[in-house]
Amino acid sequence: MENSKVFVVTSGKGGVGKTTIVANLGASLAKKGYNVCLIDADIGLKNLDIVLGLENRVVYTIIDVVTGNKSVMDVLVKHKQIKNLFLLASSQIANKDMVSPDDMINIVSKLSKHFHYIIIDSPAGIERGFKNAVVAAQHAIVVTTPDLTSISDADRVVGLLENQGYTENNISLIVNRIKPKLVKKNEMLSANDIKEALALNLLGIIPESEDILLSTNEGNPLSISRGNKLHVVFDNISDRILGKNIPIEKDLSGIDHTPEGFFEFIKNLFRRRG
Amino acid sequence: MWPFTRKSKKTRETAIKRMNAFLSNSQTRNDNKNKNNISQIKLTNVDEENLNYVVNYIKDYAVTHLSVKREDVKVHVSKEENSITIVANIIYK
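Residues numbered from 1 in each chain as written. Chains lettered and ligands numbered in written order. Predicted model: local features only at pLDDT ≥ 70, side-chain atom pairs only at ≥ 80, totals over all residues. Heavy atoms only, no water.

A. A look at the sheet that holds strand 7 (residues 171-178) of chain A. Residues and elements named next belong to chain A. Within the open sheet, the eight strands sit side by side as 3-4-2-5-1-6-7-8. Their pairing is mixed. Edge strands, defined here as strands with exactly one partner in the open sheet, are strand 3 (77-78) and strand 8 (201-207). Note: strand 2 (residues 36-40) against strand 5 (residues 117-121), five bridges, orientation parallel. Counterpart to I39 in the pairing with strand 5 is I120. The strands that helix 1 (residues 18-31) touches are strand 1 (5-10), strand 2, strand 4 (85-88), strand 5, strand 6 (139-144), strand 7 and strand 8; relative to strand 5, the one it contacts most, it runs at about 170°. (Pairing = 2+ DSSP bridges. Helix = DSSP H or I, 4+ residues; strand = E, 2+ residues; numbered from the N terminus. Contact = heavy atoms within 4.5 Å. Axes fitted to C-alpha atoms, helices over the stretch in contact; angles between N-to-C directions.)

B. Region of the structure containing the packing of aromatic side chains. Residue and element names in this part refer to chain A. Under the counting rule described, the total for this entry stands at five aromatic pairs over all chains. Centroid distance Y34 to Y117: 5.5 Å. Interplanar angle 85°. Geometry classified as edge-to-face. Placement of the pair is Y34 in the loop between helix 1 and strand 2 and Y117 in strand 5, with a sequence separation of 83 residues. For Y117, a relative accessible area of 6% translates into the label buried. (Phe/Tyr/Trp six-rings, centres within 6.5 Å; stacked < 30°, edge-to-face > 60°. Buried < 20%, exposed > 50% of the residue type's maximum accessible area, 1.4 Å probe, protein only.)

C. Structural view of the pairing of strand 5 of chain A. Residues and elements named next belong to chain A. With respect to burial, strand 5 is a largely interior element, five of its five residues being buried. Where burial is concerned, the two faces of strand 5 agree: the one with Y117, I119 and D121 and the one with I118 and I120 are both buried. Where strand 1 lies against strand 5, five bridges are found, and the strand directions are parallel. Note that in strand 5 the partner of V8 across the bridge is I120.

D. Quick look at unusual backbone geometry. All names here are of chain A. The phi dihedral of N186 falls on the positive side, at around 65°, and the residue is not glycine. Mapped onto the elements, N186 comes out in the loop between helix 8 (180-184) and helix 9 (191-198). Look at A199: it is not a glycine, yet its phi comes out positive at around 55°. Among the structural elements, A199 can be located in the loop between helix 9 and strand 8.

E. Expanded view of the environment of A:A199. For A:A199, a relative accessible area of 39% corresponds to the partly exposed category. Sequence separation of A:A199 and A:E168 is 31 residues, and the distance between their C-alpha atoms is 8.1 Å.

F. How the structure looks around the packing of helix 7 (residues 148-163) of chain A against helix 1 (residues 11-22) of chain B. Where helix 7 of chain A meets helix 1 of chain B, the axes come as close as 11 Å, and the angle between the chain directions of the two elements is 25°. Accordingly, the angle class assigned to the pair helix 7 of chain A and helix 1 of chain B is roughly parallel. By crossing handedness, the relation of helix 7 of chain A to helix 1 of chain B is classed as right-handed. Across the interface between the two elements, A:L148, A:I151 and A:S152 of helix 7 of chain A pack against B:A15, B:R18, B:M19 and B:F22 of helix 1 of chain B. (Parallel < 35°, antiparallel > 145°, perpendicular 65-115°, else oblique. Left-handed = near helix turned anticlockwise from the far one by under 90°.)

G. Spatial organisation of helix 11 (residues 231-241) of chain A. Burial runs high along helix 11 of chain A: eight of the eleven residues are buried. Remark: A:G243 follows helix 11 of chain A within two positions and exhibits a positive phi of approximately 100°.

H. Representation of a nonpolar patch on the surface in the model. Residues and elements named next belong to chain B. A contiguous nonpolar surface patch, about 370 Å² in accessible area, is contributed by Y53, Y57 and Y61. By the element assignment, Y53 lies in helix 3 (residues 48-65). The class for Y53 is exposed, based on a relative accessible area of 57%. (Patch = residues over 30% accessible without salt bridge, like charges linked within 9 Å, V, L, I, M, F, W, Y side chains within 5 Å. Areas by Shrake-Rupley, 256 points an atom, 1.4 Å probe, with all protein chains shown as cover. Salt bridge = Lys/Arg side-chain N within 4 Å of Asp/Glu carboxyl O.)

I. Broad picture of the nonpolar core. All names here are of chain A. Judged by nonpolar contacts, the single largest core of 54 residues is most densely connected at I39, L88, L111, I118, I120 and L161. A per-element tally of this core places helix 7 first, with seven residues. Excluding residues that lie within four positions of it along the chain, L88 makes contacts with C37, L38, I39, D40, I62, V65, V72, V75, L76, I107 and L111. Of all hydrophobic cores here, the second largest spans 35 residues; its members include A23, V51, L87 and I119. (Core = buried A, V, L, I, M, F, W, Y, C linked by side-chain atoms within 4.5 Å.)

J. Highlighting the side chain of A:R240. Residue and element names in this part refer to chain A. Assignment of secondary structure puts R240 in helix 11. At 3.0 Å, the side chain of R240 forms a polar contact with the backbone oxygen of P247. Ignoring sequence-local partners within four residues, the contact set of R240 consists of L203, G204, I246, P247, I248 and D251. (Polar contact = N/O pair within 3.5 Å; in protein donor to acceptor, adjacent residues only side chain to side chain.)

Have a look at this one:
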């Protein structure tokens, strides 16, 4: 498996959903039969293990690999339900300077022999942690939400990725937390507006959903959480990564676009005031 | 009157305008990718100190806003009588 595909999910701004996207994209690819390893490159502020529900199973971290205490295959944590999904966990007590870009290249090189897909969860910011995360990847996925601060940071990150040798052919965009009702009412930027402005290929549109919070509460990726519609979006994105031609409109096809009616408005009014 | 106040303007239009304003640098960068970007300014009555300031300002601006290395910003200064021509050549790799 020398030809594993290595993705980095990055954004510049924090809190736009990178970790959630890494967890759910990895789970979706693993459910389709591929061996997937997720790397938490957010040293010191880890939370990919929490989103995956693996926080109590982490014994060794990436720092043990870097210091030579353990080999990389020995420190991987296997997901409880998805047996071909693995996590290389980060350390809460370490800092970003304890891992160098060369360390990350070595780690990814070793993992490439065992996995079809490796997805690196980049930390927020554009400093050492960002460089560590992007140096070993072949393809970058830039995540933004429809607010201007996040778009501005995404634009900056695209510039830095280009400096690192990335081109428009290996940078894709995911727009997270779109509210189709607001877009329809002309009160929110659409994914297409952002795509045009950043001049990137659109890999997926993820609508705002409380399913994300519920699945994180359970520590289960959406593809194995019960009763949610959002896993279809991650399946679409993973299909696009696999080279399938899935129209981007399909990401929002299961979502209710119609503005709320009068009764819904009154109901929400009382709910908000109560 | 609350709760029936109406927004006077669709906020998406404002957001698009603002987004395009602050992304204009990156769009220029994308348009000029893989080719050199040359711009010129002409100044009159400039002393040596001001000249150095302008040259450093151009280099700093290119490094900060255009994501290029400092050594890839070539600033050429030529004097003709009492005027000075500065040509900045910014190389994108």
